[in-house]
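Listed here are the chains, written in short residue letters.
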Amino acid sequence: MIEDDMKEAFRGAMRRLAGGVAIVTAAEEGRRYGMTMTAVMSLSMDPPSLAIGVNRSASIAAPLARTGRFCVNLLRASHDRFCADFSALATDERFTVGDWHTDENGLPWLADAQAVMFCTAGPVTTFGTHDLIVGLVDRAINEPAIAPLLHLDGSYMAAAPLANVS
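Residues numbered from 1 in each chain as written. Predicted model: local features only at pLDDT ≥ 70, side-chain atom pairs only at ≥ 80, totals over all residues. Heavy atoms only, no water.

**Quick look at the nonpolar core**
Convention followed: We define a nonpolar core as any set of buried Ala, Val, Leu, Ile, Met, Phe, Trp, Tyr and Cys residues linked to one another through side-chain atoms lying within 4.5 Å. The cut-offs for exposure are 20% and 50% of the maximum accessible area for each residue type, with area from a 1.4 Å probe on protein chains only; residues under the lower value are buried, those over the upper are exposed, and the others partly exposed. For helices the rule is a DSSP run of H or I covering at least 4 residues; for strands it is a run of E covering at least 2, with both sets numbered from the N terminus onward. Two residues form a contact once any of their heavy atoms are found within 4.5 Å.
By size, the foremost hydrophobic cluster in this structure holds 18 residues, and its most contacted members are I52, V54, I60, F70 and V72. Listing elements by their share of this core, those giving two or more residues are strand 2 (22–28), strand 3 (31–37), strand 5 (48–55), helix 2 (61–67), strand 6 (69–74) and strand 9 (115–127). If we skip the residues at most four places from it in the chain, I52 touches V24, M37, A39, V40, L64, F70, V72, D131, L132 and I133. Grouped together as the second largest cluster of nonpolar side chains are 16 residues, C71, L107, F118 and L149 included.

**What about the sheet that holds strand 12 (residues 155–158)?**
Where strands meet in a sheet, backbone hydrogen bonds hold them as pairs that are either parallel or antiparallel. Note the following rule: For two strands to count as paired, DSSP must find a minimum of two bridges between them.
The strand order across the open sheet built from three strands is 1-11-12, with neighbouring strands paired in antiparallel fashion. Looking along the sheet, the strands with just one partner apiece sit at the ends: strand 1 (19–20) and strand 12. Bridge count for strand 11 (residues 149–152) against strand 12 is four bridges, and the pairing is antiparallel. Within strand 12, the position partnered with L152 by the bridge is S155.

Following this line, the structure appears as structure tokens:
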């Protein structure tokens with residue numbers, strides 16, 4: 001009972017942590033995989049790297065582990081509906097929504113994403129149900145306008161600057 005109470009309290013605490021929303025993609029033998037996530041973080045500038053948290057039961061987990069390549073597409077606030085559709089569709093249908101392109105390694109990337117980072121998987125740490133995967137960033141594409149999609153308390157929202165308070 002105490003463990004269930006702790007899990008519920010932790011879930012409530014994490015719902016209060018706003019996170020940027022990304023779609024992480026991988027490809028294997030001509031098949032594309034992708035999942036929406038907030039578990040993306042900057043790791044190091046030297047070498048340029050990030051980390052993602054992937055549930056090992058997700059459809060993308062095994063192909064990503066086998067190929068060692070993935071792409072992180074940071075979503076714009078205008079992707080809120082697209083993001084929900086992408087998550088609801090079957091794996092094969094997810095890439096029918098949005099303007100997806102493919103790089104020379106077969107990785108799908110979203111043409112109008114806020115930013116796109118193509119990664120080679122580095123060290124992996126397993127903990128609980130997830131793998132924490134370091135991504136060494138090989139290439140990045142940045143759009144000039146910054147309008148990230150955020151996730152907070154089960155809802156999508158846009159970021160807005162705070163008034164300058166003195």
